[in-house]
Amino acid sequence: MLSTEQIIDIMSKQGLRITDQRRTLAKLFAEAPGYLTAKDVYEYMERKYSGLSFDTVYRNLRVMQELGVLEQIVFEDGVKFKSHCSQDHHHHHMICLQCEKTYPIAFCPMDMTDMPEEFQVIRHKFEVFGYCKECLAQQAGYNSEEGVPVGGDGKEGPALHLKKKAVSTAVGKHQ
């Protein structure tokens, strides 16, 4: 995840005026262990800045997302935001629905997509939702390997890598 300073630096370099409220937003997202809804952010900001409107908060979230400092993910229960990954290469994520731990996917599925010639891709998103090993064990009530209760920590997990052989096999099955 990006640090508070990195978020502020990106916003500043893009010409955004750095107000005290935007510094607070940058700090909130740099330190948040998981995803936040606009309502979560509004309730946090409202405690520090009385009279702040929900529209102002949401507008700032949108601007920060457009500048690339926040990622916006659509969960089953609504839109949530998180500080952008500090990884500087194009990638996607698998996200645990319970602890919201994210696992980077080390390849882009768009490379395996057969795009029609008459379609120009401007941007794309690819997220996979499921349950991490720890949350599956927690749902069962224990870790079967160690016999102890476990839970997610909200941190980034290991990357998913797809071997070339698996890619060619997967592509061959779909042709």
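Residues numbered from 1 in each chain as written. Predicted model: local features only at pLDDT ≥ 70, side-chain atom pairs only at ≥ 80, totals over all residues. Heavy atoms only, no water.

1. Details of the packing of helix α1 (residues 4-13) against helix α2 (residues 20-31)
Two elements in contact, α1 and α2, have axes whose closest approach is 8 Å; the angle formed by their N-to-C orientations is 135 degrees. Viewed along their axes, α1 and α2 adopt a mutual orientation that is oblique. Considering how the two elements wind past one another, α1 and α2 form a crossing that is right-handed. Here Thr-4, Ile-7, Ile-8 and Met-11 of α1 come into contact with α2, specifically with Arg-22, Arg-23, Ala-26, Lys-27, Phe-29 and Ala-30. (Axes fitted to C-alpha atoms, helices over the stretch in contact; angles between N-to-C directions. Helix = DSSP H or I, 4+ residues; strand = E, 2+ residues; numbered from the N terminus. Parallel < 35°, antiparallel > 145°, perpendicular 65-115°, else oblique. Left-handed = near helix turned anticlockwise from the far one by under 90°. Contact = heavy atoms within 4.5 Å.)

2. Notes on unusual backbone geometry
The backbone of Glu-100 sits at a positive phi, close to 65 degrees, despite the residue not being glycine. With respect to the secondary-structure elements, Glu-100 resides in the loop between β3 (92-96) and β4 (102-105). On the basis of relative accessible area, Glu-100 is assigned to the buried category, the value being 11%. (Buried < 20%, exposed > 50% of the residue type's maximum accessible area, 1.4 Å probe, protein only.)

3. Observations concerning the side chain of Thr-24
Looking at where Thr-24 falls in the secondary structure, it is placed in helix α2. Among the polar contacts listed, one links the side chain of Thr-24 to the side chain of Tyr-49, at a separation of 2.5 Å. Once you skip the residues sitting within four places of it in the chain, Thr-24 turns out to touch Tyr-44, Met-45, Lys-48 and Tyr-49. (Polar contact = N/O pair within 3.5 Å; in protein donor to acceptor, adjacent residues only side chain to side chain.)

4. Section: helix α4 (residues 54-66)
Owing to its 3.6 residues per turn, the α-helix brings residues three or four apart onto one side. Taking 1.5 Å of rise per residue, 13 residues should cover 18 Å, and α4 covers 18 Å from first to last C-alpha, within 8% of that figure. For α4, every residue scored as buried is listed here: Val-57, Asn-60, Leu-61 and Met-64. End-on, the buried residues of α4 take up no more than an arc of 100 degrees, which puts them together on one face. Facing away from the buried surface of α4 by more than 90 degrees, the exposed residues are Asp-55 and Glu-66. In the core, the buried residues of α4 are packed alongside α1, α2, α3 (38-48), β1 (70-75) and β2 (78-83). (Expected span 1.5 Å × (residues − 1). Arc of directions from axis to C-beta.)

5. Re the sheet that holds strand β5 (residues 127-130)
Pairing in this open sheet of three strands is mixed, and the strands run β4-β3-β5 from one edge to the other. At either margin of the open sheet sits one strand with a lone partner, and together these are β4 and β5. Going across the sheet, the axis of each strand differs from the next one's by a mean of 20 degrees, ignoring polarity. (Pairing = 2+ DSSP bridges.)

6. Concerning the state of the cysteines
Summed over all chains, the structure comprises zero disulfides. Free of any disulfide, Cys-132 has its nearest neighbouring cysteine sulfur in Cys-135, separated by 3.6 Å. Assessed through its relative accessible area of 4%, Cys-132 is described here as buried. (Disulfide = S-S within 2.5 Å.)

7. Thoughts on the confidence of the model for the protein
When pLDDT is averaged along the protein, the result is 80, and 78% of the positions lie at 70 or above. Contacts of residues 146-175 to residues separated by more than four positions or lying in other chains number 43 contacts, the stretch itself having pLDDT below 50. (pLDDT = per-residue confidence, 0-100.)

8. Concerning α2
With twelve residues, α2 extends 17 Å between its outermost C-alpha atoms, agreeing within 8% with the 16 Å of an ideal straight helix rising 1.5 Å per residue. Among the residues of α2, Arg-22, Thr-24, Leu-25, Ala-26, Leu-28, Phe-29 and Ala-30 are the ones counted as buried. Check the buried side of α2 and you find it contacts α1, α3, α4, β1 and β2.

9. Remarks on the packing of aromatic side chains
A full pass over the atoms with the stated rule returns five aromatic pairs. On the numbers, 5.7 Å between centres and 75 degrees between planes, the contact of Tyr-42 with Phe-54 is edge-to-face. Of this pair, Tyr-42 sits in helix α3 while Phe-54 sits in helix α4; the two residues are twelve residues apart in sequence, bridging distant segments of the chain. Under the relative-accessibility criterion, Tyr-42 is labelled buried at 19%. Where Phe-75 meets Phe-129, the ring centres are 5.4 Å apart and the plane angle is 65 degrees; that geometry is what we call edge-to-face. Placement of Phe-75 in strand β1 and of Phe-129 in strand β5 is noted, with a sequence separation of 54 residues between them. By relative accessible area, which is 7% here, Phe-75 ends up buried. Given the relative accessible area of 31%, Phe-129 is considered partly exposed. Through successive ring pairs, a cluster of aromatic residues spans Tyr-42, Phe-54, Tyr-58 and Phe-81. (Phe/Tyr/Trp six-rings, centres within 6.5 Å; stacked < 30°, edge-to-face > 60°.)

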